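Residue-level structure breakdown
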Amino acid sequence: MKHIISALVENKPGVLAHVAGMFAARGFNIDSLVVGRTEDPKLSRMTIVVIGDDRIVEQVRKQLARIVPVVKVQDFVDKPVVARDLMLVTIAVPPEKRPEVSTLVEMFRGHVVDISPKTLMVEVSGPETKMEAFLDVCKPYGIKSVARTGTIAMPRQGSGEE
Amino acid sequence: MPAKPETPAPAAETVKTGAQIIVDTLLDLGVDTMFGYVGGVVLPLFDKLFDAPIRFIVPRHEQGGCHMADAYARASGKTGVILATSGPGACNLVTGLATAMMDSIPMVALTGQVRTDLIGNDAFQEADTTGITRPVTKYNSIVKDVRVLERTVREAFHIASTGRPGPVLIDLPVDVLVGKCPCNGKAEIDLPGYKIRTKGHARQISMAAEAINKSERPVLYVGGGVIIANAAEELRTLAEKAHVPVTMTLLGLGSYDQRKPESLDMLGMHGSAYANYAVQESDLLIAVGARFDDRVTGKLATFAPHAKIVHIDIDPSSISKNVHVDIPVVGDAKHILTELTKEVEYRPREAWFKKIAEWKQKFPFRYDAKAPMIKPQAVIEEVCRQTRGDAIVATGVGQHQMWTAQFYKFQRPRQFISSGGLGTMGFGLPAAIGAQFAKPDATVIDFDGDHSFNMTMTELATAVEHELPIKVCIFNNGYMGMVRQWQELFYGQRYSCSYLKNPNYAEVARALGAVGITVDRKEDVSKAVAQMLAEKRPCVVDFRVEQLENVWPMVPAGKSLSEMDGLTILESMA
């Protein structure tokens, strides 16, 4: 099962190495890991997507919490959260197909961010399933390259579902 | 005219160098003994240490120094301190740090580093010390600004010695050691991510007490955590009040007096048959400061199959790591055992203690006392007898370590000093030295294997230099005994690379300025032990022991605790 784990960490050198090293040393698999600044300049947030059964994910959570500069660890598995990826895709699009692909991009609420005679670069954001769906519909044109941020997430304050 | 201060004047600030800040902070933290080795980039620090009221012990190799600091901590309960230079000096600490990490020993390592502007340039004696030591320390950091130096040193000691202790390393570039800043000696630690739960949850404690009161066949399974928490007295009170037998892990030895009837001695791969049977038949296992290591549990799927499990530990990540725990209690063992004792009631448990007595009667630790050769177990028994079980005992790793655990009867905490988790050969001699520095009046014995001793025997020179009366008993069988035993049992007696030609240890000892004795006849053991104990100088006794002796009983790797090999062999020796 996929778990989104959010760790608030001190903004110090070596923290990422410590977290990554712990995952490697204990044999836990990271699906994605995103680090970014937060509202507090002293803290960064790491959003880590891990796949594993409950026992493994519980260990991941505890081992993370044990790392000295890790301030707080949350597992979002049973919580209503907003989870988002950002993706850039370069698609092989000859000029005559541009309108067709633009329609697709609009349907996914993406943006065309770069254009060349043979390609379009598109920016799409949203839940991971949407990224996968967009890639599926683009496949027939030819996907030249993909860059993805990995998931960031935040629990909802209200109880609404996505 | 200066404005009148509204708040009290801050403490006087003096401008100091980084090296001076470190020495002053160490003194303020109560450090009076350090171990370490000089080198280029740490010279500013050594220059300040030259005048400081700190006893400084220089080993012959940084690894030895690291083990000394570790054993100093184990024997005294204080935080051990080791200092090494950059590059090779820091790299030589790795084994010692990993040893301390696995056994949760409070230690602070200070390492020199090249100038900050050279870091990453492959400078002379540069190594990525924080990168190399991150997995073998509880925490490490590099100080690049002299203004945070004092705080970092204080944080290191706090992290090393609290919660589940462990080694903490601070990497110190030389420009930080010579850099200057105002320092008032009152820096406060700032560790928002470091929280320790000390008090156990009251409801969990009540649940544990209720489980103990209901249990017909309980066993206390205790580890090094009880010793670290200074909770041996609380353990004794609980075991006696609730009337529960106690078995110990290797590192738990000393937490419960083995002369008492409730003691089941050590459990696990080479533990007592009565401890292993008791665990397997128990209906309640109360683990305290132990971590369900594979050498303790045997095959996990069949470990203590009928038992409900209570786990008391300060490290939440230890709970349910290997086995599912029914009643976890996170916190300090001393506090939890005290609270638990209030709620437990005495139960006679006659049938259970009768069964245990039968196992004890049938399967005591034994060896063939009639054999013509010197048996290592007999030497340990003799040393135990002549020291009245009161010595501090260090060991290397292997057969002799297991025999020591089986045949020396420990009475109190901090008496047995051994590398449990990492299993570091070569630990014994430097550990004995570190322990003797911590307890100058104690009798300190190193029971050592010949090849464990070979790994760090250069430290005998350190013992001689400081005139330490340590006693080294080498069980000389030519083999790496435990490896040989596995080769005999599991590799068709093909003794690949496990036999080495040894030097004459008594002559080596004498050449280094120690006393050297060779014993090759059984009837000379007692006299040699007496002579060894009377010596005021370091003394090495080379016992030429039975070469092919095995450690029994043995739970082969992957088998259940009750599936012990060697029981019939032991019975035949009765």
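Described below are features of the structure shown in this document. (Residues numbered from 1 in each chain as written. Chains lettered and ligands numbered in written order. Predicted model: local features only at pLDDT ≥ 70, side-chain atom pairs only at ≥ 80, totals over all residues. Heavy atoms only, no water.)

What follows covers the interface of chain B and chain A. Contact residues are listed per partner, giving 17 residues for chain B and 16 residues for chain A. Taken together, both faces of the contact between chain B and chain A bury some 1,500 Å²; the carbon and sulfur share is 50%. Among the residues of chain B in contact with chain A, Arg134, Tyr139 and Ser317 of chain B are the three that bury the most area, contributing 35% of the side total. Linking chain B to chain A there are one salt bridge. Taking the shortest distance from any N to any O, the salt bridge between Arg66 of chain A and Asp315 of chain B comes out at 3.2 Å. At the boundary of chain B and chain A, one finds six residue pairs in polar contact (both at pLDDT 80 or more). Of the residues in the side of chain B that touches chain A, the class split is seven nonpolar, three polar and seven charged. (Contact = heavy atoms within 4.5 Å. Buried area = accessible area lost by both parts, 1.4 Å probe. Salt bridge = Lys/Arg side-chain N within 4 Å of Asp/Glu carboxyl O. Polar contact = N/O pair within 3.5 Å; in protein donor to acceptor, adjacent residues only side chain to side chain. Nonpolar A, V, L, I, M, F, W, Y, C, P; charged D, E, K, R; others polar.)

This brings us to unusual backbone geometry. Residues and elements named next belong to chain B. A cis amide bond, omega -5°, links Trp552 with the succeeding residue Pro553. Following the sequence through the fold, Pro553 ends up in the loop between strand 20 (539-544) and helix 24 (567-572). The phi dihedral of Gln125 falls on the positive side, at around 55°, and the residue is not glycine. Take Gln125: its relative accessible area is 27%, and that puts it in the partly exposed class. In this structure, Asn230 is a non-glycine residue whose phi angle is positive, near 50°. Within the secondary structure layout, Asn230 lies in the loop between helix 10 (224-228) and helix 11 (232-242). (Helix = DSSP H or I, 4+ residues; strand = E, 2+ residues; numbered from the N terminus. Buried < 20%, exposed > 50% of the residue type's maximum accessible area, 1.4 Å probe, protein only.)

The angle between the axes and the distance between the axes are what describe a pair of packed helices. Residue and element names in this part refer to chain B. Axis separation between helix 3 (residues 62-76) and helix 18 (residues 428-438) bottoms out at 7 Å; the angle between their running directions is 45°. Considering the angle they form, helix 3 stands oblique to helix 18. Of the two elements, helix 3 crosses helix 18, and the hand of that crossing is right-handed. Seen from helix 3, the contacting residues are Gly64, His67, Met68, Ala71, Tyr72, Ala75 and Ser76; seen from helix 18, they are Pro430, Ala431, Ile433, Gly434, Ala435, Phe437 and Ala438. (Axes fitted to C-alpha atoms, helices over the stretch in contact; angles between N-to-C directions. Parallel < 35°, antiparallel > 145°, perpendicular 65-115°, else oblique. Left-handed = near helix turned anticlockwise from the far one by under 90°.)

This part takes up the sheet that holds strand 6 (residues 139-142) of chain B. Residue and element names in this part refer to chain B. Read from one edge to the other, the open sheet built from six strands follows the order 3-2-4-5-7-6, with strand pairing classed as parallel. Looking along the sheet, the strands with just one partner apiece sit at the ends: strand 3 (55-57) and strand 6. For this sheet, the mean inter-axis angle between neighbouring strands, taken without regard to orientation, is 20°. Judged from the seven bridges that link them, strand 5 (residues 107-113) and strand 7 (residues 167-173) form a sheet pairing that is parallel. Residue pairing across strands places Val108 opposite Val168, the latter belonging to strand 7. Contacts from helix 7 (residues 149-161) reach strand 4 (80-84), strand 5, strand 6 and strand 7, with the element oriented near 165° to strand 7. (Pairing = 2+ DSSP bridges.)

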